[in-house]
Amino acid sequence: MPSNIENSPDAKTRKQSAEAVNRAMARFPLIIELLAELSKAQIPYPGDDDLRHGCHRTLTTMLAELAKIHPAPPGKSSKTEEIIHGWLKGDEVVRLVEADKLQRIQQFIERILGPTAN
């Protein structure tokens, strides 16, 4: 019984860290989708610059939220973690998000959850 008590808090803390990252980045897929749509326009429409600016502000807010999350203890990666790491992959993300912001997001996530297992 004591071994279950010792293992349980670590697993719970890791899960909580992953859920906190997920909450902080919940809008990330939407931001990527919106930036992709904005990049397709041949001629900017009224309000496009405001939308783009809002997307970049939201990414900055995500960085601030990620900075507050404590690192998870080592352990087996969860489906939530795989989803989070998956959001950061792909040519579209690299093309649409400023390189320094994307790198900082990746660094925060690696600090919190550890590197991806490729």
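Just so you know, these numbers come straight off a predicted model, no measurement behind them.

In the predicted model, the chain carries a mean pLDDT of 85, and 87% of its residues have values of at least 70. Mean pLDDT per element in the chain: helix H1 (residues 2-24) is the minimum at 69, and helix H3 (residues 48-67) is the maximum at 95. Here residues 1-9 scores under 50 on pLDDT; set against residues more than four positions off or in separate chains, the count is 0 contacts.

Our next topic: helix H4 (residues 79-87). Those residues of H4 that sit buried are Glu-81, Ile-84, His-85 and Trp-87. Axial view of H4: buried residues confined to an arc of 155°, hence all on one face.

The contact between H3 and helix H6 (residues 99-113) brings their axes to 10 Å, and the two run at 25°. By the angle between their axes, H3 is roughly parallel relative to H6. Where H3 crosses over H6, the two elements pack in a sense that is left-handed. Judged by residue contacts, His-56, Leu-59, Thr-60, Leu-63, Leu-66 and Ala-67 of H3 engage Lys-101, Arg-104, Ile-105, Phe-108, Ile-109, Arg-111 and Ile-112 from H6. Taken together, the residues that form the contact of H3 with H6 break down as 8 nonpolar, 2 polar and 3 charged.

Cut-offs used in this document
Residues numbered from 1 in each chain as written. Predicted model: local features only at pLDDT ≥ 70, side-chain atom pairs only at ≥ 80, totals over all residues. Heavy atoms only, no water. pLDDT = per-residue confidence, 0-100. Helix = DSSP H or I, 4+ residues; strand = E, 2+ residues; numbered from the N terminus. Contact = heavy atoms within 4.5 Å. Buried < 20%, exposed > 50% of the residue type's maximum accessible area, 1.4 Å probe, protein only. Arc of directions from axis to C-beta. Axes fitted to C-alpha atoms, helices over the stretch in contact; angles between N-to-C directions. Parallel < 35°, antiparallel > 145°, perpendicular 65-115°, else oblique. Left-handed = near helix turned anticlockwise from the far one by under 90°. Nonpolar A, V, L, I, M, F, W, Y, C, P; charged D, E, K, R; others polar.

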